[in-house]
Amino acid sequence: MSKLKISLGYARNAWTAPILDGEVTVEGVELIPSVVPPNDLFHRQLRYGEFDASEFSISQLIAMHSRGNTAWLGIPAFPSRGYFHTRIYVNRDAGIDGLADLRGKRVGLPEYQQTAALWTRGVLEHDYGIKPTDIHWVMGRPLSRSHGVHAGFTPPAGLSFQHLDEGENIAEFLVQGKIDAIIAYSGGRSRSGLGLGQEPPRRVAARSEIDPTWYDLDEHPATRPLFADHAAAGYEYFQRHGVIHINHVLVLRSEIAEQYPWVARNLYDAFAEARALGIQRMERALEPSRALGAVDIGRYRKGTEAMRYGVLANAELLETATSWSFDQGLSVAKVDPRSLFAESVSAL
């Protein structure tokens, strides 16, 4: 019996590499994988629908479902997570020493509706009392290259908001002092826009179609990370809240999920197997550092436990994400988190 061919677009990290490299297979499926950085991948999926399954912005998925667009259904595997409020860059002359200083500032970001921005705004509001309307937002991607434009995004009413024009660059605005801070920009050694453990693609072409110009904001004399040790800042947040924010989710074309319900479950099982293999290998790789006392293996295991897959294991985070999406005007209605996922995996 022939296998069902499924094309997959995903970024590579320790938990997805076994899938992308063919080491872990999907039962009943002939997987055709492509390694694509998320910024280009989301653009290609939203505009052209190139892949049957892919990494996808969970914020975008929530917003689309709230508008009745269920072209993509989630599978509760979340290999990309992070604390994006700890990975902000600031202009050195902006007078920003902590998150509380962002009130009233000009803050740039690639996409207003992206997941990193959703979580960052939620942290600012719920931990620091800074509402989205307390900040002037500058969206770095012009309309021609915006993910949101292809998904029907419009800025929520009441915001102080602007798009950059063609040829303008959000990092250049930060360097020149035209904005005070930037969120979710993949610039510098701290890789601020990337989820935990994500690797760049093995084949590096010319600059991305979506984000064509890159600045090293760690090295530029006009800019600096808001948190010199973003890992320590992230752990402090983890100690207070006990969660690691979901960034991206695996999605499957809805017609495939409905016609072949077993595909979603088999994809989930394969991604879970790949995750277990990745955790095992990462822990072995940490052994020399552990022997030197440079790694707290207990802390590492707490982190991997907090990044489990499944809807039930992430019920609190998914409820928070859907609530904050509605509160911030990204969704037109509050979405039931379970409705985001293919029926065959929505109770896992």
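Residues numbered from 1 in each chain as written. Predicted model: local features only at pLDDT ≥ 70, side-chain atom pairs only at ≥ 80, totals over all residues. Heavy atoms only, no water.

If you tally the helices and strands in the chain, you get 12 helices and 11 strands. At 20 Å, the chain has a C-alpha radius of gyration in line with the 20 Å of a compact globule built from 348 residues. When the backbone C-alpha atoms are referred to their principal axes, the chain occupies close to 65 × 55 × 40 Å. The burial tally for the chain puts 55% of its 348 residues in the buried class. A total accessible area of about 14900 Å² is found for the chain, and carbon and sulfur atoms account for 50% of it. (Helix = DSSP H or I, 4+ residues; strand = E, 2+ residues; numbered from the N terminus. Rg over C-alpha atoms; globule rule 2.2 N^0.38 Å. Buried < 20%, exposed > 50% of the residue type's maximum accessible area, 1.4 Å probe, protein only. Areas by Shrake-Rupley, 256 points an atom, 1.4 Å probe, with all protein chains shown as cover.)

It is possible for side chains bearing opposite charge to pair when their charged atoms get close. Enumeration over the complete set of coordinates arrives at 14 salt bridges. A salt bridge links D134 to R103; its shortest N-O distance comes to 3.2 Å. Residue D134 is found in the loop between α4 (115-128) and β7 (136-139), and its partner R103 is found in the loop between β5 (89-91) and β6 (106-109); the two are separated by 31 residues along the sequence. Overall, the relative accessible area of 25% leaves D134 in the partly exposed class. Here R301 ties to E283 by a salt bridge, and the two come within 2.3 Å at their closest N and O atoms. Here the residue R301 occupies a position in helix α11 (residues 297-306), and E283 occupies one in helix α9 (residues 261-285), the gap between them amounting to 18 residues. Classification of R301 as partly exposed rests on a relative accessible area of 40%. (Salt bridge = Lys/Arg side-chain N within 4 Å of Asp/Glu carboxyl O.)

In this section: a negative patch on the surface. Side chains of D165, E166, E168 and E172 sit close together on the surface and give a patch of like negative charge. You can see D165 is positioned in the loop between β8 (160-163) and α6 (170-176). (Patch = residues over 30% accessible without salt bridge, like charges linked within 9 Å, V, L, I, M, F, W, Y side chains within 5 Å. Lys, Arg positive; Asp, Glu negative; His and termini not counted. Charge placed at Lys NZ, Arg CZ, Asp CG, Glu CD.)

Formed by 88 residues in total, the largest nonpolar core has its most connected members in F56, L102, W137, L250, L252, L267 and F271. With 9 residues, the single largest contributor to this core is α9. Excluding its chain neighbours within four sequence positions, the residues that come into contact with W137 are V107, L109, Y112, R121, P132, L159, S160, F161, Q162 and I183. Counting 14 residues, the second-largest nonpolar core is a separate cluster that includes Y89, F173, L174 and L217. (Core = buried A, V, L, I, M, F, W, Y, C linked by side-chain atoms within 4.5 Å. Contact = heavy atoms within 4.5 Å.)

Our focus in this paragraph is unusual backbone geometry. Unlike most non-glycine residues, A184 shows phi in positive territory, near 60 degrees. Checked against the element boundaries, A184 lands in the loop between β9 (181-182) and β10 (223-225). Residue classification places A184 among the buried positions, given a relative accessible area of 8%.

This part covers the side chain of H248. With respect to the helices and strands, the residue H248 is situated in strand β11 (residues 246-253). Within the local environment of H248, its side chain forms a polar contact with the side chain of N247, the two groups lying 3.2 Å apart. When residues no more than four places from it in sequence are discounted, the contact partners of H248 are P38, F42, E55, F56, S57, I58, A77, F78 and S80. (Polar contact = N/O pair within 3.5 Å; in protein donor to acceptor, adjacent residues only side chain to side chain.)

It is worth spelling out the sheet that holds β9 at this point. Spatial ordering of the open sheet is given by β8-β7-β6-β9-β5-β10, a layout of 6 strands whose pairing is mixed. The sheet is open, and its two borders are formed by β8 and β10, each paired with just one other strand. (Pairing = 2+ DSSP bridges.)

Moving on to the confidence of the model for the chain. In the predicted model, the chain carries a mean pLDDT of 89, and the fraction of residues at 70 or more is 91%. Across the chain, the secondary-structure element scoring lowest on mean pLDDT is helix α5 (residues 147-150), at 71, and the one scoring highest is helix α8 (residues 254-259), at 98. Below a pLDDT of 50 lies the segment residues 188-207, which in the model reaches 58 contacts outside its immediate sequence neighbourhood of four places, other chains included. (pLDDT = per-residue confidence, 0-100.)

Looking now at the packing of α9 against α11. Relative orientation of the contacting elements α9 and α11 amounts to 170 degrees, with a least axis distance of 12 Å. Judged by the inter-axis angle, α9 sits roughly antiparallel to α11. Regarding α9 and α11, the two cross each other, and that crossing is right-handed. Of the residues in α11, those touching α9 at R275, I279, M282 and E283 are I297, Y300, R301 and T304. Partitioning the contact of α9 with α11 into residue classes produces 4 nonpolar, 1 polar and 3 charged. (Axes fitted to C-alpha atoms, helices over the stretch in contact; angles between N-to-C directions. Parallel < 35°, antiparallel > 145°, perpendicular 65-115°, else oblique. Left-handed = near helix turned anticlockwise from the far one by under 90°. Nonpolar A, V, L, I, M, F, W, Y, C, P; charged D, E, K, R; others polar.)

Attention now goes to the packing of aromatic side chains. A full pass over the atoms with the stated rule returns 11 aromatic pairs. Plain terms: the ring middles of F78 and F341 are 6.3 Å apart, the flat faces sit at 85 degrees to each other, and that makes the pair edge-to-face. Here the residue F78 occupies a position in strand β4 (residues 72-81), and F341 occupies one in the segment after α12 (315-327), the gap between them amounting to 263 residues. For F78, a relative accessible area of 0% translates into the label buried. On the basis of relative accessible area, F341 is assigned to the buried category, the value being 4%. Clustering of aromatic rings is evident, with ring pairs tying together F42, F56 and W72. Just above the ring of W137 sits the side chain of R121; from NZ or CZ to the centre is 5.6 Å. The ring centre of W15 lies 4.7 Å from the NZ or CZ of R275, which sits over that ring. (Phe/Tyr/Trp six-rings, centres within 6.5 Å; stacked < 30°, edge-to-face > 60°. Lys NZ or Arg CZ within 6 Å of the ring centre and 35° of its normal.)

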